[in-house]
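The lines below spell out each chain.
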Amino acid sequence: MMWSVFIETGPASGGWTIYPPLSALPQAMPGSGMGMTLWLVSMVLFIVSALLGGINYIATVINLRTKGMSMMRLPLTIWAFLITAILGVLSFPVLFAAALLLVFDRSFGTSFYLSDIFIGGEALHNSGGSPILFQHLFWFLGHPEVYIVLLPALGLASEVIATQSRKPIFGYKAMVVSMLVIAFLSFIVWGHHMFMTGMNPFLGAVFTFTTLLIAIPSAVKVFNYIATLWKANIQLTPAMCFAIGLVSFFISGGLTGIILGDSALDINIHDTYFVVAHFHIVMGASAIFGMFAGVYHWFPRMFGRMMNKTLGYIHFWITVIAVYGVFFPMHFLGLAGVPRRYYSNSAYESFMDMQNINELVTVMSMIGGVAQLIFAFNFFYSMFYGKKSEQNPWGSNTIEWTAPVEHLHGNWPGEIPTVHRWAYDYSKPGAEHDFIPQTTPYSQTKGSNLPGEE
Amino acid sequence: MATVIDNDKNTYTGIPTSKMLLWIGIVSIIMAFAGFTSGYIVRKAEGNWVEFNLPRAFTISTIIILMSSFTMQMAYIAVRKNNFKNAKTFAITTLGLGLAFVFSQFYAWNVLVDNGIFFVGNPSGSFLYVLSGLHVLHLVGGIIALIIVSVKTIQEKYNSENSLGIELCATYWHFLDLLWIYLFVFVAYLA
Ligand SMILES: [Cu+2]
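So, here is what we can say about the structure in this document. Note on numbering: residues in each chain are counted from 1, in written sequence order. Written order decides the labels, with chains lettered from A and ligands numbered from 1. Totals for whole chains, interfaces and linings use all residues, but because this is a predicted model, local features are given only for residues with pLDDT of at least 70 and pairs of side-chain atoms are given and counted only at 80 or more. Calculation of side-chain values draws on the structure's entire complement of heavy atoms; hydrogens and water are dropped beforehand.

Looking now at the side chain of Gln105(B). Residue and element names in this part refer to chain B. Secondary structure counts use DSSP, requiring at least four H or I residues in a row for a helix and at least two E residues in a row for a strand, with both numbered from the N terminus. Residue position: glutamine 105 is located in helix 3 (residues 84-114). A simple rule labels every residue: compare its accessible area, found with a 1.4 Å probe on the protein chains alone, to the largest value its type can have, and call it buried under 20%, exposed over 50%, or partly exposed in between. For glutamine 105, a relative accessible area of 0% puts it in the buried group. Among the polar contacts made by the side chain of glutamine 105, one reaches the side chain of serine 61 at a distance of 2.7 Å. Those residues in contact with glutamine 105 that lie beyond four places of it in its chain are Phe58, Ser61, Ser132, Val136 and Trp180. Any pair of nitrogen or oxygen atoms within 3.5 Å is treated as a polar contact; in protein, a donor-acceptor pairing is required on top of that, and neighbouring residues in sequence qualify only through side-chain atoms on both sides. When checking whether two residues touch, look at their non-hydrogen atoms; a contact exists if any pair is within 4.5 Å.

Structure below.
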């Protein structure tokens, strides 16, 4: 895919959704030539690796847990990875089907997606195909895909928020169940991307209903994050800042999802900047903030050194302001009808009023981009010259922090530790410290055991 | 030094990990074919769909693959009973039937071409080639597994204590059998 940037006809330019016939016919635009072929080849490689990785994750989490690590003692991060892998294994094969048929249409002359096309007055030979078929297959993957992007970040944030709040995660079981419900619902909502394809309005109403249902488990997760933070002894580390940032984006991006998921409202703002703003906040910025939280939190585990805190705070504040600065105004562009994917909005008289908003967005995006250089510097500098980390710098319960700082083959010398409790015994009344690692048996914590724990 | 772990023994669930990997893999293959066949239904519902008769050879293929599933199971049972002579015979027979199935599919495609149903043309024909072609591709994977398992059976490497390899091969083979029957019934009767 990177290579396609350097070829004469340029990279694939049909957008990430690669709808045919635009993507299927090299005559449609230069990018649909060699660039599209390279795109599809890299997608095939990506799908294969995602599938193999997903299958591996599922089998590992279910089958190769350490002694005592029952499913309900898994850290939420691992739950999130497991559910993500399940989503991948179920949805990527369908993307494979969509892409393979597109390859056949492009390179072998079949007509799965092509029919009745005239170019320069000449009719193409293709007959009987349906471009809508591609959209169905594509979005059957496409919606689960947004949770494939987002769930790992939510999992990372759960861990960081509980640890840095020094409190048990609120509603552990509800968190697991809501992720499972989100995963299930994600397979029956794909039509909300296709309200404008001439879909039967009744079918549109069905997809609206299933889509709006997702608001329930999502809200459960948000309230659980907030309840965990409530009256907590919050340690505002850079990781915690980014995790809270994720919760903020998840709320503000999620609310606009309710508007877009409604078929009647979506018709007005379809393919405008409103859509761009929605998904860049809810699955773009959220997911990236979750990953930043993960990097700042687990950096000492990965490299045995701490990242610089001050640079972390600077990185966080500039980024959070830049993200809102870019995407918040975009909602208004969208409501005013400015379409997405246009090369130049100033070519249209009616959008000239919006010029100043676009300028603000551009400036903000540049500031945000520059802020990432601070992160890159901090990352590589700390890798070699950062302060040496203790074994468990955040006072964390999960077992990865019990492995020695030096990296050993197999992580632990000798036996893999046995797990005796869940991962969230923070600030337990009667306990000696404000955290009890998962490897501590109940027999050693007589003072803090709850009824039923022995 | 850290202990070396055999991922098939002493697992949390007691299920060998390779077995679990195979089953999850099968689920993903099912999803791919579910994608193709639902695409088939959606596309067919839109009209402009050329109807044609399926070649008789597809029925013969179906019988062949059913028989191969039977011999595969017999080979596995023979291994479980340490009956090496039967195991070898049945494993080789399965391999032969598997190759015969591939041959029969190629023959069926030839008949289709003779009848004027080409890969390039109305999607009704293209879909049939894609479905049967991808199935054969998966079956080639099965045949490679079967060759390895047959060699190991001839070398008497499997016995009642150690039969996971041939068991997994049999599982995948039965899956390919069921998958073909599904595709055949789907194209011939359901859709
Ligand atoms: Cu969606």
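Residues and elements named next belong to chain A. Any two rings among Phe, Tyr and Trp, with Trp reduced to its six-membered ring, count as a pair given centres within 6.5 Å; such a pair is stacked if its planes are under 30 degrees apart, edge-to-face if over 60, and tilted if neither. One pass over the structure, following the stated rule, counts 52 aromatic pairs over all chains. Where phenylalanine 292 meets phenylalanine 375, the ring centres are 4.7 Å apart and the plane angle is 65°; that geometry is what we call edge-to-face. Of this pair, phenylalanine 292 sits in helix 9 (residues 273-303) while phenylalanine 375 sits in helix 11 (residues 355-385), and the two are 83 residues apart along the sequence. Here phenylalanine 292 falls in the buried class, since its relative accessible area comes to 11%.

With that settled, the discussion passes to the interface of chain A and chain B. Taken together, the 42 residues of chain A in the interface contact 34 residues of chain B. Between chain A and chain B, the buried area comes to about 2900 Å², and carbon and sulfur atoms account for 74% of it. Buried area is a sum: the accessible area each of two parts loses on coming together, probed at 1.4 Å, counted once for each and added. Three residues stand out in chain A for area buried against chain B, namely Ile55(A), Asn63(A) and Phe112(A), and they jointly supply 19% of the buried area on that side. Any Lys or Arg side-chain nitrogen found within 4 Å of a carboxyl oxygen on Asp or Glu counts as a salt bridge. Across the contact surface, chain A and chain B share 0 salt bridges. Where chain A touches chain B, the interface holds 7 residue pairs in polar contact (both at pLDDT 80 or more). Put simply, the parts of the chain that give the side of chain A that touches chain B at least two residues each are helix 1 (34-63), helix 2 (76-107) and helix 3 (131-165) of chain A. Side-chain classes are defined by residue name, with Ala, Val, Leu, Ile, Met, Phe, Trp, Tyr, Cys and Pro counting as nonpolar, Asp, Glu, Lys and Arg as charged, and the others, Gly among them, as polar. Grouping the constituent residues of the side of chain A that touches chain B by class yields 23 nonpolar, 17 polar and 2 charged.

With that settled, the discussion passes to the coordination of the copper ion. Residue and element names in this part refer to chain A. Only nitrogen, oxygen and sulfur atoms count as donors, using a 2.8 Å cut-off from the metal that widens to 3.2 Å for Na, K and Ca. Water is left out, so coordination shells may look unfilled. The coordination sphere of the copper ion contains the protein donors His143 (ND1), His192 (NE2) and His193 (NE2), at a distance range of 1.8 to 2.0 Å. In the primary structure, the donors to the copper ion are separated according to the pattern H-x48-H-H. The class for histidine 193 is partly exposed, based on a relative accessible area of 23%.

The next subject is the side chain of Asn63(A). Mapped onto the elements of the fold, Asn63(A) is located in helix 1. For Asn63(A), a relative accessible area of 0% translates into the label buried. One polar contact links Asn63(A) to Thr13(B), side chain to side chain, over a distance of 2.2 Å. Those residues within four positions of Asn63(A) in sequence are excluded, and the remaining contacts are Thr11(B), Tyr12(B), Thr13(B), Ile15(B), Pro16(B), Thr17(B) and Met20(B).

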